[in-house]
Number of protein chains: 2
Amino acid sequence: MGNVKILNAILSDRLCDLYIKEGVIYKIVYNTADQESVALKEILDIEFSSIDHKVIDANKKYVIPSFVNMHTHAAMTLMRGVGEDMSLMDWLYKKIWPIEQRLDQELIYWGTKLACLEMLKTGTTVFNDQYWHINKAVEAASEMGLCSFHSFVILDLNDASKKDKIIDDCNIMFEQSKNWPTSQKFTIGIHAPYSVSKEMIEWGADFARKNNLLLHIHVSETEFENNESIKKHGVTPTQYLDSLGVLDRNVIAAHSLWMSDKDIEIFAKRGVNVVHNINSNLKIASGYKFRYNEFRDAGVNVTLGTDGCASSNNLDMLETMKTTALVQKAWRYSPTALPIDELMNLSTFNGYKSLGINAGVVQEGAQAHLLLIDTDSYAFTPNINFLANLIYSANSSCVDTVISNGNVVMQNREVIGQREILDNVNRLYKKLID
Amino acid sequence: MGNVKILNAILSDRLCDLYIKEGVIYKIVYNTADQESVALKEILDIEFSSIDHKVIDANKKYVIPSFVNMHTHAAMTLMRGVGEDMSLMDWLYKKIWPIEQRLDQELIYWGTKLACLEMLKTGTTVFNDQYWHINKAVEAASEMGLCSFHSFVILDLNDASKKDKIIDDCNIMFEQSKNWPTSQKFTIGIHAPYSVSKEMIEWGADFARKNNLLLHIHVSETEFENNESIKKHGVTPTQYLDSLGVLDRNVIAAHSLWMSDKDIEIFAKRGVNVVHNINSNLKIASGYKFRYNEFRDAGVNVTLGTDGCASSNNLDMLETMKTTALVQKAWRYSPTALPIDELMNLSTFNGYKSLGINAGVVQEGAQAHLLLIDTDSYAFTPNINFLANLIYSANSSCVDTVISNGNVVMQNREVIGQREILDNVNRLYKKLID
């Protein structure tokens, strides 16, 4: 919850100074010559002179909200490129699952560190994670200065005998989470309606509701999953979950690619948040006709994620945004689909909203999750439309400075500890592969 | 046609030195301790000591072929972001065409310079261009050290009265092109079968054939174009062009998104080269089901391009490669579609082949169009599969050094003249927009 003074940033095409106090955007003063602005700056400078703070000269870099990665399995960075151009079943059985058996705390720690490094470099300061050994992931994310949400994953493969062990583990972890840093939050993860027994789905949803926790779940990622649900339960995964009383405002549903009109209506009525993960969907060939317009028109809060690096290979939200818009325009045969301003909201404001964080806008009173974007490059030349250049022309190397919760966590593309992270992962990943 | 010694590069996971002489990869010597290698290096070092050459320590960077952008309108960099989220007709009539009326030689020169800067930064050394004021584009590309192909564009909007003027202009330009630098080549551009009269299509194809020139043409970019062709000529654009005797091994057909089995068969029989431009196709919503497998299986040479920055916003071939593979996997619902090795060929070897250049491989005897890729970053960590990391994890900021025809045109991401190019475009683009 740091204090920072950012000088000469560009916000909505105007030059301004931003005063960040205790992690919150305290004042934004536009650099005009009028008396009021000058007087206000003097007062603020006096106020800041008595508190410990950092000063950054943005030198006409653009200030925008940082991105929220709403669905990932962070430490899967360790499996980047491990199974390419394979069928889904070969990929799971021959590569991913055998490798996951070998994960240990050290690997999760360094894999999550690598993920955090990558997220900072690509402009993400908040992520919603679902993976193993979560205490080590929490340690890594906290050290790197990101805000993060970590699921205790309920995955019993429909084996009721595992119930007591899972409940015990969950209670223990939940107790431990009370000692986590304040930027790391405990959530309940229900892997998916097809991989978890009815009893444990109900238990997990109930535990989340009672303890005021978010509930992170994969829903309707594949057509196969839908067909199986209809065979087994007579209804779609969404309708099945709704019949169990799971769906509520605290639910974050990943993928939701294969949704009927009725399913979307249910999500809207219950206030479920959706995470679209286009690169993963395309690469694994799960589907691509994400029904963005229908979700939006029904009033569902739509957010974006990358999924884990085993399926989509990176955690780059800017790339995700571009692909999301391109594919929406393409499959609907409409170049006006998903315009830029809406797209920006999906990766910022809507994500923060679903996590209960007051951020995703550059406004006084919002938490300071911010990026400074360097426009002195071919990608922003000419700079007729900054957001279009950011999304459609640039890549994430334009992210120069990252502020997470008021702390400067990357400056001039330098992240503290980078060398150590790369070296440790390069040393350790060999434990995972043959 | 420079001379360069590249030390400590990684090629197919082995450390090697590359000796480039007069623009050609002369020798590749793997860094083993065996007597033969050591002796060979001594001989080569003596030979090179007597010729003017540059030495680069690659410091374990990977060496790969540079990319070929097979379809672009380079100076459209000037219109980056000018018309976003618009319908095709609004975009053309309200934005692009009015702006193009204002283009002059100075704008084309600096717009093409900017395009070349961007191409070098993103690893492209060869491009196939179709735009206006081509003498200025040639000047810009030559100064920047790229190899390029520039169309004299035939576009009569089916107005036969323009015939004599076009033919005169084409002859004049062709004569002038004989004085162009050797790295810049003259080609015939026929805009498209729907926008050029039958007479001029035939004349252009004949002129190209007689003078041994490439023929650059848009074919079947939209479904609308196909429907109109069938209404007017009773056949598809491909079958219409074939009936005029246009299709031959010198033809480079851009887009070709809406192709029947019979059309593909004709392309195969005639030896036509195809350029797929996925980002442009997606963004303008022209279509996305490019029939890659069918083209490949029929034996058609498939290559990749970006199209101009007015439609796809950048000239980044690495991004194009990623989107190409993702969309092929997605629309075919097959994660094994378009594997990495094939994808690399599309953007390198196949492009060079269609242009008659012996390059696109890192092999002795090939022209030195090469990149050094910096893998010391999160995107290549761990580096289990270099090509997967390059295409699916990294972005083009990993391109560290670019060699075009044996000349070092970018080193440590520095391109000579960059500042001047950005400043001039930022000054001049205002002539184009209101």
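What comes next is a walk through the structure. These numbers were taken from a predicted model, which means no experiment stands behind them.

About the thresholds
- Per chain, residues are indexed from 1 in the order of the written sequence.
- Whichever chain is written first becomes A and whichever ligand is written first becomes 1, with later ones labelled in order.
- Note on the predicted model: pLDDT of at least 70 is required for a residue's local features to be given, and 80 or more for side-chain atom pairs to be given and counted; whole-chain, interface and lining totals, by contrast, use all residues.
- For side-chain calculations, the full set of non-hydrogen atoms in the structure is used, while hydrogens and water are omitted.
- Labels follow the DSSP assignment, with helices taken as runs of H or I lasting at least four residues and strands as runs of E lasting at least two, numbered in each case from the N terminus.
- We compute the radius of gyration from the C-alpha atoms alone; for a globule the expected value is 2.2 Å times N to the 0.38, where N is the number of residues.
- Summary of the burial criterion: residues with accessible area below 20% of their type's maximum are buried, those above 50% are exposed, and those between are partly exposed, where the area comes from a 1.4 Å probe applied to protein chains only.
- By definition, residues are in contact when any of their heavy atoms lie within 4.5 Å.
- Here, Shrake-Rupley sampling with a 1.4 Å probe gives the accessible areas, and only protein chains in the shown set may cover a residue.
- Charged residues are defined narrowly, with Lys and Arg counted positive, Asp and Glu counted negative, and His plus the chain ends left uncounted.
- Positions of charges follow a simple convention, taking NZ of Lys, CZ of Arg, CG of Asp or CD of Glu.
- Both cavities and pockets are sets of points on a 1 Å grid over the protein atoms alone; in a cavity a 1.4 Å probe fits but cannot get out, in a pocket the set is open with protein on both sides within 12 Å along at least five of seven lines, and lining residues sit with an atom within 4 Å of a point.
- Grid points are joined across faces, edges and corners, and a volume is the space filled by probe spheres set on the points.
- Each residue gets one label: Ala, Val, Leu, Ile, Met, Phe, Trp, Tyr, Cys and Pro are nonpolar, Asp, Glu, Lys and Arg are charged, and the others, such as Gly, are polar.
- Copies are brought into register by a least-squares superposition over C-alpha atoms of residues with pLDDT of at least 70 in both.
- Any N or O atom pair separated by 3.5 Å or less is treated as a polar contact, with the protein-specific requirement of one donor-capable and one acceptor-capable atom, and with residues adjacent in sequence counted only for side-chain atom pairs.
- Residues grouped as a nonpolar core are buried Ala, Val, Leu, Ile, Met, Phe, Trp, Tyr and Cys residues, joined through side-chain atoms within 4.5 Å.
- Within this document, salt bridges are pairs made up of a side-chain nitrogen of Lys or Arg and a carboxyl oxygen of Asp or Glu, the two lying within 4 Å of each other.
- Only rings of Phe, Tyr and Trp enter the pairing, Trp through its six-membered ring, and a pair is recorded when the two centres are within 6.5 Å. The plane angle decides the type: under 30 degrees is stacked, over 60 is edge-to-face, the rest tilted.
- Counted as over-ring charges are cases with an Arg CZ or a Lys NZ within 6 Å of the ring centre that also lie within 35 degrees of the ring normal.
- The pairing criterion is simple: DSSP has to find at least two bridges between the two strands.
- Structural elements are reduced to axes, namely lines fitted to C-alpha atoms, with helices fitted over the stretch in contact, and the angle between N-to-C directions of any two is expressed from 0 to 180 degrees.

## Re the overall build of chain A
Next up, step 1: For chain A, the helix and strand inventory stands at 17 helices and 16 strands.
Next up, step 2: At 22 Å, chain A has a C-alpha radius of gyration in line with the 22 Å of a compact globule built from 434 residues.
Next up, step 3: Principal-axis analysis of the C-alpha atoms places the extent of chain A at approximately 70 × 45 × 45 Å.
Next up, step 4: Scored against the burial criterion, the 434 residues of chain A give a buried share of 63%.
Next up, step 5: Restricting to contacts in chain A with at least 6 residues of sequence separation, those with at least 24 account for 71%.
Next up, step 6: For chain A, the accessible surface area stands at approximately 15900 Å², while carbon and sulfur atoms represent 49% of it.
Next up, step 7: Across chain A, the centroid of the 42 positively charged side chains sits 2 Å from that of the 53 negatively charged ones.

## Let's talk about empty space enclosed by the protein
Next up, step 1: Tallied over the entire structure, the rule returns four cavities of 30 Å³ or more.
Next up, step 2: Within this model, the largest cavity holds a volume of roughly 230 Å³.
Next up, step 3: Glu319(A), Lys322(A), Asn395(A), Glu319(B) and Asn395(B) are, among the 22 residues lining the largest cavity, the residues nearest its centre.
Next up, step 4: Of all the secondary-structure elements, those providing two or more residues to the lining of the largest cavity are helix H13 (317-331) of chain A together with helix H13 (317-331) of chain B.
Next up, step 5: Grouping the amino acids of the lining of the largest cavity by side-chain chemistry returns eight nonpolar, eight polar and six charged.

## Focus: the relation of the copies chain A and chain B
Next up, step 1: Each copy superposes on the other: chain A lies on chain B with an RMSD of 0.0 Å after a rotation of 180° and an axial shift of 0.0 Å. What we have between these two chains is a two-fold relation.
Next up, step 2: Of the interface residues in chain A, 100% have counterparts in chain B that sit at the interface too, so the contact is made through matching surfaces.

## A few points about the environment of Asp261(B)
All names here are of chain B.
Next up, step 1: Among the structural elements, Asp261 can be located in helix H9 (residues 261-270).
Next up, step 2: Expressed as a C-alpha distance, the spacing of Asp261 and Val196, which sit 65 residues apart in the sequence, is 25 Å.
Next up, step 3: A polar atom in the side chain of Asp261 sits 2.6 Å from the side chain of Arg291.

## Side note on the nonpolar core
Next up, step 1: Phe186(A) and Phe186(B) are the most contacted members of the largest nonpolar core, which has 238 residues in total.
Next up, step 2: With residues up to four places along the chain from it excluded, the contact list for Phe186(A) reads Ile134(A), His150(A), Phe152(A), Cys170(A), Met173(A), Phe174(A), Ser177(A), Trp180(A), Phe207(A) and Leu213(A).

## Observations regarding the interface of chain A and chain B
Next up, step 1: Counting residues at the interface gives 65 residues for chain A, matched by 65 residues for chain B.
Next up, step 2: Where chain A meets chain B, there are six salt bridges.
Next up, step 3: In this assembly, chain A and chain B are joined by 23 residue pairs in polar contact (both at pLDDT 80 or more).
Next up, step 4: Listing elements by their share of the side of chain A that touches chain B, those giving two or more residues are helix H3 (105-121), helix H10 (278-284), H13, helix H16 (386-393) and helix H17 (418-428) of chain A.
Next up, step 5: Sort the elements by how many residues they give to the side of chain A that touches chain B and H13(A) lands first, with six residues.
Next up, step 6: Residues of the side of chain A that touches chain B, tallied by class, amount to 31 nonpolar, 21 polar and 13 charged.

## Points about the packing of aromatic side chains
Next up, step 1: As enumerated under the stated definition, the model contains 29 aromatic pairs over all chains in all.
Next up, step 2: An angle of 20° between the planes, with centres 5.8 Å apart, marks the rings of Phe380(A) and Phe386(A) as stacked.
Next up, step 3: For Phe380(A), a relative accessible area of 2% gives the class buried.
Next up, step 4: Taking the relative accessible area as the measure of exposure, Phe386(A) reaches 11% and is therefore buried.
Next up, step 5: Taken together, Trp258(A), Tyr288(A), Tyr333(A), Trp258(B), Tyr288(B) and Tyr333(B) form an aromatic cluster joined through their ring pairs.
Next up, step 6: Arg14(B) extends its terminal NZ or CZ atom over the ring of Tyr30(B), reaching a point 3.8 Å from the ring centre.
Next up, step 7: Above the plane of the ring of Tyr26(B) lies Lys21(B), whose end atom (NZ or CZ) is 4.7 Å from the centre.

## A short note on the sheet that holds strand S10 (residues 215-219) of chain A
Residue and element names in this part refer to chain A.
Next up, step 1: Pairing is parallel across the open sheet formed by eight strands, whose spatial order is S6-S7-S8-S9-S10-S11-S12-S13. Edge positions in the open sheet fall to strand S6 (67-72) and strand S13 (301-304), since each of these has one partner strand only. Strand after strand, the sheet turns through a mean of 25° between neighbouring axes, direction not considered.
Next up, step 2: The pairing of strand S8 (residues 147-154) with strand S9 (residues 184-190) spans seven bridges and is classified as parallel. Residue pairing across strands places Ser148 opposite Gln184, the latter belonging to S9.
Next up, step 3: Against the sheet, helix H4 (residues 134-144) makes contact with strand S7 (124-129), S8 and S9, and its axis sits at roughly 175° relative to S8, the strand it touches most.
Next up, step 4: In the packing of helix H6 (residues 198-210) onto the sheet, contacts are made with S8, S9 and S10, and the angle to S9 comes to roughly 155°.

## Side note on unusual backbone geometry
Residue and element names in this part refer to chain A.
Next up, step 1: A cis amide bond links Thr381 with the next residue in sequence, Pro382, at an omega value of -10°.
Next up, step 2: Notably, Ser12 is not glycine yet its phi reads approximately 45°, a positive angle.
Next up, step 3: Non-glycine residue Asp307 carries a positive phi angle of around 65°.
Next up, step 4: Structurally, Asp307 can be placed in the loop between S13 and helix H12 (309-312).

## Quick notes on the side chain of Glu84(B)
Next up, step 1: Relative to the helices and strands, Glu84(B) is located in the loop between strand S6 (67-72) and helix H2 (88-101).
Next up, step 2: Among the residues examined, Glu84(B) registers a relative accessible area of 12% and is labelled buried.
Next up, step 3: Separated by 3.0 Å, the side chains of Glu84(B) and Asn313(B) make a polar contact.
Next up, step 4: If we ignore the near neighbours within four places in the chain, the residues touching Glu84(B) are Ile340(A), Asn385(A), Ala388(A), Tyr392(A), Lys283(B) and Asn313(B).

## Notes on the environment of Asn313(A)
Next up, step 1: As for its position among the elements, Asn313(A) is in the loop between H12 and H13.
Next up, step 2: Take Asn313(A): its relative accessible area is 0%, and that puts it in the buried class.
Next up, step 3: Along the primary structure Asn313(A) and Val82(A) are separated by 231 residues, whereas in three dimensions their C-alpha atoms are 9.4 Å apart.
Next up, step 4: Setting aside residues no more than four positions away along its own chain, Asn313(A) makes contact with Arg80(A), Gly81(A), Glu84(A), Lys283(A), Gly308(A), Ala388(B), Tyr392(B) and Ser393(B).

## What about the pattern of salt bridges?
Next up, step 1: All told, the structure shown has 52 salt bridges over all chains when counted by the stated rule.
Next up, step 2: The closest approach of N and O atoms between Lys165(B) and Asp169(B), which form a salt bridge, is 2.7 Å. In this pair, Lys165(B) and Asp169(B) both sit in helix H5 (residues 163-177), four residues apart, roughly one turn of the helix.
Next up, step 3: One network of salt bridges, with partners in common, ties together Asp104(A), Glu106(A) and Lys431(A).

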